[in-house]
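# Observations on the three-dimensional arrangement
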Amino acid sequence: MKKLKQVQLDDNQKKENMINIKYFGAIAEVTNCSSENIKKSSSSLNDIIQEIYSKYDLKHIPLKFALNQKIIETTEGIDVNINDEIAVLPPFAGG
Amino acid sequence: MMKKKKNIFIEGAISPEFIAESIAKHQTKMNIGAHNIFLGQVRADEVEGKKVSAIEYTCYKAMAEEKLSEIRERAFEKYDLTCMHIYHSLGNIKAGEICFFVFVSSKRRKQVYVATEDIVNMVKTDVPIFGKEIFEDQDYQWKENTF
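Now for a description of the structure that goes with this document. What you see is a predicted model, and the numbers here were worked out from it, not measured in a lab.

A count of helical and extended segments in chain A gives 3 helices and 5 strands. In chain A, the succession of α and β elements from N to C terminus is α-β-α-β-α-β-β-β. The globule rule puts the C-alpha radius of gyration for 95 residues at 12 Å, and the 13 Å found for chain A is close to it. Seen along its three principal axes, the alpha-carbon backbone of chain A occupies a region of about 40 × 30 × 25 Å. With 95 residues in all, chain A has 52% of them scored as buried.

To continue, consider the packing of aromatic side chains. Within this structure, the stated rule accounts for 11 aromatic pairs over all chains. Taking the centre distance of 6.0 Å and the plane angle of 70° together, the rings of Phe92(A) and Phe130(B) count as edge-to-face. Residue Phe92(A) is located in the segment after strand 5 (86–89), and its partner Phe130(B) is located in strand 7 (residues 129–135); the two belong to separate chains. Judged by relative accessible area, Phe130(B) falls into the buried class, the value being 1%. The rings of Phe24(A), Phe92(A), Tyr60(B) and Phe130(B) are connected pair by pair, giving a single aromatic cluster. Stacked on the ring of Tyr140(B), the Lys or Arg Lys132(B) has its end atom at 4.2 Å from the ring centre.

This part covers the sheet that holds strand 2 (residues 35–39) of chain A. All names here are of chain A. Here we have 5 strands laid out as an open sheet, ordered 2-1-5-3-4, and mixed in their pairing. Each of the sheet's edge strands pairs with one partner strand only, and the pair in question is strand 2 and strand 4 (70–71). Across 3 bridges, the pairing between strand 1 (residues 18–23) and strand 5 is parallel. By the bridge assignment, Ile21 is partnered in strand 5 with Ile86.

Contact residues are listed per partner, giving 27 residues for chain B and 21 residues for chain A. Between chain B and chain A lies a buried interface of about 1,900 Å² when both sides are counted; carbon and sulfur atoms form 62% of it. Together, Tyr60(B), Met63(B) and Phe130(B) form the three largest contributors to the area buried by chain B at its contact with chain A, with a combined 33%. Remark: the boundary between chain B and chain A carries 1 salt bridge. Note that Glu29(A) is salt-bridged to Lys132(B), the shortest N-O span being 3.9 Å. Where chain B meets chain A, there are 9 residue pairs in polar contact (both at pLDDT 80 or more). Only strand 4 (50–59), helix 2 (61–78), strand 5 (83–94), strand 6 (98–106), helix 3 (109–126), strand 7 and strand 8 (140–142) of chain B provide two or more residues apiece to the side of chain B that touches chain A. When grouped by side-chain class, the residues that make up the side of chain B that touches chain A number 13 nonpolar, 6 polar and 8 charged.

Quick look at unusual backbone geometry now. Residue Asn68(A) is not a glycine yet carries a positive backbone phi of 50°. Residue class for Asn68(A) comes out partly exposed when judged on its relative accessible area of 33%. Not every positive phi belongs to a glycine, and Glu48(B) is a case in point at roughly 45°. As for its placement among the helices and strands, Glu48(B) is situated in the loop between strand 3 (46–47) and strand 4.

So, about the side chain of Ser106(B). Residue and element names in this part refer to chain B. Mapped onto the fold, Ser106 is located in strand 6. On the accessibility criterion, Ser106 (1% relative accessible area) is buried. Within the structure, Ser106 has its side chain in polar contact with the backbone oxygen of Asp80 (distance 2.6 Å). When residues no more than four places from it in sequence are discounted, the contact partners of Ser106 are Asn31, Ile32, Gly33, Ala34, Asp80, Leu81, Thr82, Gln111 and Val112.

A separate point is a nonpolar patch on the surface. All names here are of chain B. On the surface, Ile23, Ile37 and Leu39 cluster together into a nonpolar patch covering about 200 Å² of accessible area. Relative to the elements of secondary structure, Leu39 occurs in strand 2 (residues 34–41). Its relative accessible area of 36% is what places Leu39 among the partly exposed residues.

For the rest of this paragraph, the subject is the pattern of salt bridges. Residue and element names in this part refer to chain B. Under the criterion given, the structure shown has 7 salt bridges over all chains. For the salt bridge of Arg43 with Asp45, the shortest nitrogen-to-oxygen distance reads 2.9 Å. When salt bridges that share partners are traced, they join Lys50, Asp137 and Asp139 into one network.

How each quantity is defined
Residues numbered from 1 in each chain as written. Chains lettered and ligands numbered in written order. Predicted model: local features only at pLDDT ≥ 70, side-chain atom pairs only at ≥ 80, totals over all residues. Heavy atoms only, no water. Helix = DSSP H or I, 4+ residues; strand = E, 2+ residues; numbered from the N terminus. Rg over C-alpha atoms; globule rule 2.2 N^0.38 Å. Buried < 20%, exposed > 50% of the residue type's maximum accessible area, 1.4 Å probe, protein only. Phe/Tyr/Trp six-rings, centres within 6.5 Å; stacked < 30°, edge-to-face > 60°. Lys NZ or Arg CZ within 6 Å of the ring centre and 35° of its normal. Pairing = 2+ DSSP bridges. Contact = heavy atoms within 4.5 Å. Buried area = accessible area lost by both parts, 1.4 Å probe. Salt bridge = Lys/Arg side-chain N within 4 Å of Asp/Glu carboxyl O. Polar contact = N/O pair within 3.5 Å; in protein donor to acceptor, adjacent residues only side chain to side chain. Nonpolar A, V, L, I, M, F, W, Y, C, P; charged D, E, K, R; others polar. Patch = residues over 30% accessible without salt bridge, like charges linked within 9 Å, V, L, I, M, F, W, Y side chains within 5 Å. Areas by Shrake-Rupley, 256 points an atom, 1.4 Å probe, with all protein chains shown as cover.

The structure is reproduced here in structure tokens:
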């Protein structure tokens, strides 16, 4: 299995308003890392998701978002803070 | 019994010996009258003339463990079960090997059938496990559960 780059936020990045995003499966293949810190221009989850979409070509994958290990049904009106865990998930394939 | 954190993920295939030992461990539990077991096996699917030789499983562990404990709680609330176990493989599992093991026990037969079906479905739809189907020529495609 290919080991993908994994990063965590350090204290300086927290001050700089960065947030940690985790990627899995087919998504991690597109992003070429299993996690990264991105600069968040706003606290809206929707804006952060738009940033991810503009950075990577993910349109061909039916993806889901999880905030603190819970699937987000609608991303509208949700605010995130620095210690939240955001994950981008491709279709599930267990079993 | 319900809140206990379980070791669900197994690196590599689930061996027939492991399954046999799991059955043996229940022989001391005298209130059980019926076991039901579901085993998921990696199928050598054929896609456009190419055969799947293995599936490489990964998961979002923190969320998967949380989800599995919810499934566990829901199953105990809904069905009259004595015990239940769920195991899933991670890593490279070859076609023909076992990657998923659900073991449900109860006093009587009827509950274990429905509970097993329900638990298997919940694991497939709700648990963030990802699978890469690797073909014989090392090409691959990402697996997606269909129902």
